[in-house]
Amino acid sequence: QVQLVESGGGLVQPGGSLRLSCAASGKRLDINVLGWFRQAPGKQRELVAQISSGGNTNYADSVKGRFFISRENANNTVYLQMTSLKPEDTAVYYCTSGVVFTPSPRYWGQGTQVTVSS
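For clarity, every value in this text was computed on a predicted model and none was experimentally measured.

Student: It is not clear to me how the overall build of the chain should be interpreted in this structure. Could you clarify?
Tutor: Of regular secondary structure, the chain possesses 0 helices and 11 strands. Reading the chain from its N end, one meets helices and strands in the order β-β-β-β-β-β-β-β-β-β-β. For 118 residues, the compact-globule estimate of 2.2 N^0.38 gives 13 Å, and the C-alpha radius of gyration of the chain, at 13 Å, lies within 12% of that figure. The averaged location of the 7 negative side-chain charges in the chain is 4 Å from the averaged location of its 11 positive side-chain charges.

In structure tokens, the structure reads:
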């Protein structure tokens, strides 16, 4: 069983930055690909970014150049550095894990709220 524990959400002004962290535990294969998805009110969940244990990444077009995903394999932690935040980035952000890159990861964290507002 995989456990994913997120931290780092909060309120930030437009143009600001925020970093999310997620500590993952479980079988190595099940946490091969770690990532972040988000869900805004009234919208479907969507991919933000994913990263494999080998460092390959996948980003949504809407966040390319503003958000940066990284991971520390030694402690199975994934980070999402968010910069130039916009009000439309407001959402609950979920940490995810799985074996491969997929739009439907098997494991999900409980979510952390990110609100971008002045």
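Student: For this particular structure, what's the right way to read the state of the cysteines?
Tutor: Put plainly, two cysteines are in a disulfide when a covalent bond ties their sulfur atoms together. Per the stated rule, a full pass over the model turns up 1 disulfide. The disulfide bridge from C22 ends at C95, spanning 2.1 Å between sulfur atoms. Disulfide C22-C95: the torsion about the S-S bond is -85°, which places it as left-handed. Residue C22 is found in strand β3 (residues 18–25), and its partner C95 is found in strand β9 (residues 91–98); the two are separated by 73 residues along the sequence.

Student: Explanation requested: the packing of aromatic side chains in the structure shown.
Tutor: Each aromatic ring pair is described using two quantities: the centre-to-centre distance and the angle formed by the ring planes. Per the stated rule, a full pass over the model turns up 2 aromatic pairs. With a centroid separation of 6.0 Å and an interplanar angle of 75°, the aromatic rings of Y94 and W108 are classed as edge-to-face. Taken as a pair, Y94 in strand β9 and W108 in strand β10 (residues 107–108) lie far apart in primary sequence, 14 residues in all. Connected via pairs of aromatic rings, a cluster forms that spans F37, Y94 and W108. The ring of Y94 has R45 sitting right over it, with the charged end atom 4.1 Å from the ring centre.

Student: Would you mind going over the side chain of T90 with me for this structure?
Tutor: Checked against the element boundaries, T90 lands in the loop between β8 (77–82) and β9. In this structure the side chain of T90 is engaged in a polar contact, spanning 2.9 Å, whose partner is the backbone oxygen of P87. Reaching out from T90, the side chain makes a polar contact with the backbone nitrogen of V116 at a distance of 2.9 Å. Not counting the four nearest positions on each side in its chain, T90 is found in contact with A40, P41, Q113, V114, T115 and V116.

Student: Which parts of the structure should I look at to understand the pattern of salt bridges?
Tutor: Pairing between side chains of opposite charge can happen when the charged atoms of each approach one another. As enumerated under the stated definition, the model contains 4 salt bridges in all. Ionic pairing is found between E46 and R38, a salt bridge with its closest N-O pair at 2.7 Å. Residue R38 is classed as buried on the basis of its relative accessible area of 6%. In this structure, D89 and R66 form a salt bridge, with 2.8 Å as the shortest nitrogen-oxygen distance. Taken together, the positions of D89 in the loop between β8 and β9 and R66 in the loop between β6 (57–59) and β7 (67–72) put the pair 23 residues apart, joining distant regions of the chain. Connected through shared salt-bridge partners, R38, E46, R66 and D89 make up one network.

The rules we used
Residues numbered from 1 in each chain as written. Predicted model: local features only at pLDDT ≥ 70, side-chain atom pairs only at ≥ 80, totals over all residues. Heavy atoms only, no water. Helix = DSSP H or I, 4+ residues; strand = E, 2+ residues; numbered from the N terminus. Rg over C-alpha atoms; globule rule 2.2 N^0.38 Å. Lys, Arg positive; Asp, Glu negative; His and termini not counted. Charge placed at Lys NZ, Arg CZ, Asp CG, Glu CD. Disulfide = S-S within 2.5 Å. Phe/Tyr/Trp six-rings, centres within 6.5 Å; stacked < 30°, edge-to-face > 60°. Lys NZ or Arg CZ within 6 Å of the ring centre and 35° of its normal. Polar contact = N/O pair within 3.5 Å; in protein donor to acceptor, adjacent residues only side chain to side chain. Contact = heavy atoms within 4.5 Å. Salt bridge = Lys/Arg side-chain N within 4 Å of Asp/Glu carboxyl O. Buried < 20%, exposed > 50% of the residue type's maximum accessible area, 1.4 Å probe, protein only.

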